Amino acid sequence: MSIDFPALGITILTIGGMQVSAGAIIICLLLLSIALPLFVSMRFSRRSDDARGEVSTLLRTQAELHGRISALTETLSNKQSEMSQHLNQRLDGMSQRLGATLTEQTKSTHDNLSKLQERLAVIDAAQSNIQTLARDVVGLQAILSNKQTRGAFGQARMETIIADAMPSNAYALQPTLSNGSRPDCTVRMPNNAPPLVIDAKFPLEAWNSMREETSPEVRKLAAQQFRRDMEVHIRDIAEKYLLAGETQDTAFLFVPSESIFADIHQHFEAIVQKAHRMRVVIVSPSLLMLSVQVIQSVLKDQRMREQAHLIQGEVALLMDDLNRLDDRTRKLQGHFLAAQKDVDLIMTSADKLTKRGNKIEALDFGGDIPEQPQAPSPQSLESRIGSLKFRVVDDE
């Protein structure tokens, strides 16, 4: 506890029951200020020694740490170089694989593009063909819409089939009959029989109406109109073109479409039967081609029969030449046999001369019996005959 006396300028401190004056305290402080630096210097010197030891320890530790850091740095540098080399190798391998893959992909893409271009070219050609076909179909529709043009179209198809299958002298186009009518074509028959009449005008208006209409009532009316047109046309063919003694008793009605021909036989059987009763046969392009081919075969057989005597004469001349060749061959064979006999005699004489020459050379003149000539063996004969050349001249 402290008590202040400001008037005296003295402060009395009470410490542990003892009263201490300010002067004593000042003295103590002066002593303390003198002793404290000494104490501090002593403590500092002691601590400085300790610090020097610690610094030396720190320096040694720092040196060891520096060595370890250097070793670690070198190790890390080696590891980094190895890692860099390994990465470079991996990158090179990946680059090569990537390059090979890109090359293969480029080649495959090029091949696919080439195939695609080829397919596109095929598609373009097909599209061009389709466009051409569409134009042809439009033109055909325009042709079939006109009656006169349609008749010319059927006439052209029929003429093409006839001209491809038969010679020009076997048919006639639009000839005039005795009644003044002019059929589209007449075909010459074998054995001087009357010609066959072919008509190429087909009533197609009602057929097109029947095929184009969607209403059942209108289609039924169009079918009835087509049936009437067909009956009228068949009747006209029978009356105009079936002339006794001048034409065949059967005529052909040419239909220039296989589909129309099939539909007529499927849905209009009555018309087909009526045409048969009136001796008018409805034919499609394939049936007309088959019919004219049969007629052409019959005409060819007729020409063969007409030329049979000429063929027999040629065969007789051929047999005379063959007999003459046989006679000359037999004469040549006789010459060869005579030459063969002469060769055998020559070979026998040559053997005798050889034996006598051998005896003379050996001075063997003993009285031996002359040997009978022996026929040479076939092998020696063939070998000797092969070395000779003969020229055989026929006297004839």
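Residues numbered from 1 in each chain as written. Predicted model: local features only at pLDDT ≥ 70, side-chain atom pairs only at ≥ 80, totals over all residues. Heavy atoms only, no water.

Asks: With reference to specific residues and values, describe the overall build of the chain.
Replies: For the chain, the count of helices and strands is 9 helices and 8 strands. Burial status across the chain gives 19% buried among its 396 residues. Within the chain, contacts between residues separated by at least 24 positions form 63% of all contacts whose residues are at least 6 apart in sequence. Accessible surface computed for the chain: about 29,200 Å², of which carbon and sulfur atoms make up 59%. (Helix = DSSP H or I, 4+ residues; strand = E, 2+ residues; numbered from the N terminus. Buried < 20%, exposed > 50% of the residue type's maximum accessible area, 1.4 Å probe, protein only. Contact = heavy atoms within 4.5 Å. Areas by Shrake-Rupley, 256 points an atom, 1.4 Å probe, with all protein chains shown as cover.)

Asks: Go over helix α6 (residues 269–277), please, and point to the residues and values.
Replies: For α6, the full list of buried residues reads Ile 271, Val 272 and Ala 275. In a view along the axis of α6, the buried residues occupy a sector of 100°, so they form one face of it. Residues of α6 that are exposed and point more than 90 degrees away from the buried face comprise Ala 270 and Arg 277. Each element contacted by the buried residues of α6 is listed here: α4 (216–241), α5 (258–267) and β8 (280–283). Taken from the residues just after α6, Arg 279 is the one with a positive phi, measuring 60°. (Arc of directions from axis to C-beta.)

Asks: Please give an account of the pairing of strand β6 (residues 196–199) that cites residues and values.
Replies: On β6, burial covers both faces: Leu 196 and Ile 198 on one face and Val 197 and Asp 199 on the other are all buried. Here 3 bridges tie strand β5 (residues 185–187) to β6, and the two strands are oriented antiparallel to one another. Bridge pairing in β6 links Cys 185 to Ile 198. (Pairing = 2+ DSSP bridges.)

Asks: A description of the sheet that holds β6 should follow, citing residues and the corresponding values.
Replies: The sheet built from 5 strands is open, its strands ordered β4-β5-β6-β7-β8 with mixed pairing. Two strands close off the open sheet at either side, each with one partner strand: β4 (171–173) and β8. When strand polarity is set aside, the average angle formed by the axes of neighbouring strands in this sheet is 25°. Where α4 meets the sheet, it contacts β6, β7 (251–254) and β8, and its direction lies at approximately 145° from that of β7. (Axes fitted to C-alpha atoms, helices over the stretch in contact; angles between N-to-C directions.)

Asks: Describe the pattern of salt bridges, with residues and values.
Replies: Side chains that differ in sign of charge can pair as their charged atoms come close. Scanning all chains against the criterion turns up 6 salt bridges. Between Asp 184 and Lys 201 there is a salt bridge, with its nearest N and O atoms 3.3 Å apart. Taken together, the residues span a long stretch of sequence, with Asp 184 in the loop between β4 and β5 and Lys 201 in the loop between β6 and α3 (205–212) at a distance of 17 residues. With relative accessibility at 36%, the residue Lys 201 sits in the partly exposed group. Its salt-bridge partner being Lys 274, residue Glu 231 comes within 3.8 Å of it at the nearest N-O pair. One end of the pair, Glu 231, is in helix α4; the other, Lys 274, is in helix α6, with 43 residues separating them in the sequence. On the basis of relative accessibility, which here comes to 25%, the residue Glu 231 falls in the partly exposed class. With a relative accessible area of 23%, Lys 274 lands in the partly exposed category. (Salt bridge = Lys/Arg side-chain N within 4 Å of Asp/Glu carboxyl O.)

Asks: Outline a nonpolar patch on the surface, listing residues and values.
Replies: Where nonpolar side chains cluster on the molecular surface, the patch consists of Met 304, Ile 311, Val 315, Met 319, Leu 322 and Leu 325 and spans about 560 Å² of accessible area. With 5 residues, helix α8 (residues 308–362) is the single largest residue contributor to the nonpolar patch. (Patch = residues over 30% accessible without salt bridge, like charges linked within 9 Å, V, L, I, M, F, W, Y side chains within 5 Å.)

Asks: Which residues make up the packing of α4 against α6, and what values do they have?
Replies: Close contact between α4 and α6 brings their axes to 10 Å; oriented N to C, the two are set at 10°. The angle between α4 and α6 places the two elements in the roughly parallel class. For the pair formed by α4 and α6, the contact residues are Phe 226, Arg 227, Met 230, Glu 231, Ile 234 and Arg 235 on the first element and Ile 271, Lys 274 and Ala 275 on the second. Residues belonging to the contact of α4 with α6 are distributed by class as follows: 5 nonpolar, no polar and 4 charged. (Parallel < 35°, antiparallel > 145°, perpendicular 65-115°, else oblique. Nonpolar A, V, L, I, M, F, W, Y, C, P; charged D, E, K, R; others polar.)

Asks: Can you tell me about unusual backbone geometry, naming the residues and giving the values?
Replies: Phi angles above zero are rare outside glycine, and Gln 174 is one such case at about 50°. Relative to the helices and strands, Gln 174 is located in the loop between β4 and β5. The exposure class assigned to Gln 174 is partly exposed, which follows from its relative accessible area of 37%. In this model, Arg 279 sits at a positive phi of 60°, which is unusual for a non-glycine residue. With respect to the helices and strands, Arg 279 occurs in the loop between α6 and β8. With a relative accessible area of 45%, Arg 279 lands in the partly exposed category.

Asks: Let's hear about the packing of aromatic side chains: which residues, and what values?
Replies: Two aromatic rings are characterised by how far apart their centres lie and by the angle between their planes. Per the counting criterion, the structure on display carries 1 aromatic pair. Consider the rings of Phe 226 and Phe 268, whose centres lie 5.1 Å apart with planes at 65°: the pair is edge-to-face. Taken together, the residues span a long stretch of sequence, with Phe 226 in helix α4 and Phe 268 in the loop between α5 and α6 at a distance of 42 residues. By relative accessible area, which is 0% here, Phe 226 ends up buried. (Phe/Tyr/Trp six-rings, centres within 6.5 Å; stacked < 30°, edge-to-face > 60°.)

Asks: Run through the nonpolar core, naming residues and quoting values.
Replies: Phe 202, Trp 207, Phe 226, Met 230, Ile 264, Phe 268 and Ile 282 are the most contacted members of the largest nonpolar core, which has 27 residues in total. For this core, the secondary structure elements donating two or more residues are α3, α4, β7, α5, α6 and β8. For this core, the element with the most residues is α4, which contributes 8 residues. Setting aside residues up to four positions removed in sequence, Trp 207 forms contacts with Phe 226, Ile 260, Asp 263, Ile 264 and Phe 268. Listed in part, the 20 residues of the second largest apolar core include Ala 170, Tyr 171, Phe 254 and Leu 288. (Core = buried A, V, L, I, M, F, W, Y, C linked by side-chain atoms within 4.5 Å.)

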